[in-house]
Amino acid sequence: FPSHDTQQEIKTIVIGEKIIDAFLEIAGSAEKIIISDAEGNLQIEFQGTEYGDSILEFGVNIDSRNLKDDTTKIWDKYTIIAQSNYLIEQNQDVFVNGSYGAGMFHKVKVVKHTLTSSECERLAEFEYKKDVRKSFTYTARLKNVYIDLNNKYLVKDEPLGIDEYLNSKTIKLVKSSSDQYTEVIFEKVVV
């Protein structure tokens, strides 16, 4: 990435904009995710960094599963276009941009916030990683296995050709008078 002064790397929040939008963009540009703990408190963390102890295997501790693997929304190249921060340079550049990847299938996103070129590059990479994660969803129904949220688990599903670590994105505990199980939605781990 090109080097910039530390002062230029600070995101400017414009008076009157929705603070939650700016907050989400800051979290996104830092490649962090916002999750809620068991009590509803928001936490900002990187995608799963911890590895779970359990190996999850279809036919052993995965009763049933559903796979969505749609790569049609993953682009070859991502470009973020923003404008510069007038308060830093006393000059307004309306076409600050940064890209990630290369190729003909191109996604361009124009953001309303002031960003530097390196922030645009990082945000373009984050957009790519987000699209990769969104394109793949593996939903598993588990019995007698304890799973932690936002942890990486080795998932083996031979009929579907899956033998990799997946990040636990959503956990739902289901209990009825006749059955009790855990439904977990996994996403791709993107480095």
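Just above, that's the structure.
A quick note: this is a predicted structure, and the numbers were derived from the prediction, not measured. (Residues numbered from 1 in each chain as written. Predicted model: local features only at pLDDT ≥ 70, side-chain atom pairs only at ≥ 80, totals over all residues. Heavy atoms only, no water.)

Some thoughts on the overall build of the protein
Turning to step 1, where the next piece is worked out: When helices and strands are tallied, the protein shows three helices and eleven strands.
Turning to step 2, where the next piece is worked out: Listed N to C, the secondary structure of the protein is α-β-β-β-β-β-α-β-β-α-β-β-β-β in terms of helices and strands.
Turning to step 3, where the next piece is worked out: Restricting to contacts in the protein with at least 6 residues of sequence separation, those with at least 24 account for 63%.
Turning to step 4, where the next piece is worked out: Split by element, the accessible area of the protein, about 11,600 Å² in all, is 52% carbon and sulfur. (Helix = DSSP H or I, 4+ residues; strand = E, 2+ residues; numbered from the N terminus. Contact = heavy atoms within 4.5 Å. Areas by Shrake-Rupley, 256 points an atom, 1.4 Å probe, with all protein chains shown as cover.)

Quick notes on helix α3 (residues 117–135)
Turning to step 1, where the next piece is worked out: Between its first and last C-alpha, α3 extends 27 Å over 19 residues, near the 27 Å set by a 1.5 Å rise per residue.
Turning to step 2, where the next piece is worked out: The buried fraction of α3 amounts to 14 of the 19 residues, a majority that puts the element mostly inside the structure. (Expected span 1.5 Å × (residues − 1). Buried < 20%, exposed > 50% of the residue type's maximum accessible area, 1.4 Å probe, protein only.)

Some words on the packing of aromatic side chains
Turning to step 1, where the next piece is worked out: For the coordinates displayed, the defined rule picks out five aromatic pairs.
Turning to step 2, where the next piece is worked out: Relative to Tyr165, the ring of Tyr51 has its centre 5.0 Å away and its plane inclined at 85 degrees; by these criteria the two rings are edge-to-face. Here Tyr165 lies in strand β10 (residues 162–175) and Tyr51 lies in strand β3 (residues 50–57), a separation of 114 residues in the sequence.
Turning to step 3, where the next piece is worked out: Owing to a relative accessible area of 48%, Tyr51 belongs among the partly exposed residues under this scheme. (Phe/Tyr/Trp six-rings, centres within 6.5 Å; stacked < 30°, edge-to-face > 60°.)

Some words on the sheet that holds strand β5 (residues 77–83)
In a beta sheet, neighbouring strands pair by backbone hydrogen bonds and run either parallel or antiparallel.
Turning to step 1, where the next piece is worked out: What the three strands build is an open sheet, ordered β6-β5-β7; its pairing is mixed. Two strands bound the open sheet, and with one partner strand each, they are β6 (96–101) and β7 (106–114). The sheet shows a mean angle of 20 degrees between the axes of neighbouring strands, direction not considered.
Turning to step 2, where the next piece is worked out: Sheet topology places β5 next to β6; six bridges connect them, and they run antiparallel. Paired with Thr79 across the strands is Ser99, a residue of β6.
Turning to step 3, where the next piece is worked out: The sheet contacts of α3 involve β5, β6 and β7, and relative to β6 the element is tilted by about 40 degrees. (Pairing = 2+ DSSP bridges. Axes fitted to C-alpha atoms, helices over the stretch in contact; angles between N-to-C directions.)

A few points about the pattern of salt bridges
Turning to step 1, where the next piece is worked out: Inspection of every chain in the model, using the stated rule, returns ten salt bridges.
Turning to step 2, where the next piece is worked out: Glu127 is the partner of Lys130 in a salt bridge, and the nearest nitrogen-oxygen pair spans 3.2 Å. Here Lys130 and its partner Glu127 are both found in helix α3, three residues apart, which amounts to about one turn of the helix.
Turning to step 3, where the next piece is worked out: Exposure remark for Glu127: the relative accessible area of 5% places this residue in the buried category.
Turning to step 4, where the next piece is worked out: For Lys143, the salt bridge is made with Asp179, and the minimal N-O distance between the two is 2.6 Å. Of this pair, Lys143 sits in the loop between β8 (136–142) and β9 (151–157) while Asp179 sits in the loop between β10 and β11 (180–188); the two residues are 36 residues apart in sequence, bridging distant segments of the chain.
Turning to step 5, where the next piece is worked out: Relative accessible area serves as the criterion here: at 28%, Lys143 is assigned to the partly exposed category.
Turning to step 6, where the next piece is worked out: When salt bridges with common partners are traced through the structure, they connect Lys107, Lys109, Glu127, Lys130, Asp131 and Lys134 into a single cluster. (Salt bridge = Lys/Arg side-chain N within 4 Å of Asp/Glu carboxyl O.)

Digging into the pairing of β10
Turning to step 1, where the next piece is worked out: Pairing between β9 and β10: six bridges, direction antiparallel. Within the sheet, the bridge partner assigned to Lys152 lies in β10 and is Asn167.
Turning to step 2, where the next piece is worked out: With antiparallel pairing between neighbouring strands as the criterion, β9 and β10 make up a hairpin whose turn holds four residues, including Gly161 at a positive phi of roughly 75 degrees.
Turning to step 3, where the next piece is worked out: The pairing of β10 with β11 spans nine bridges and is antiparallel. Looking across to β11, one finds that Val174 is bridged to Tyr181.
Turning to step 4, where the next piece is worked out: The hairpin formed by β10 and β11 contains four residues between the paired strands.

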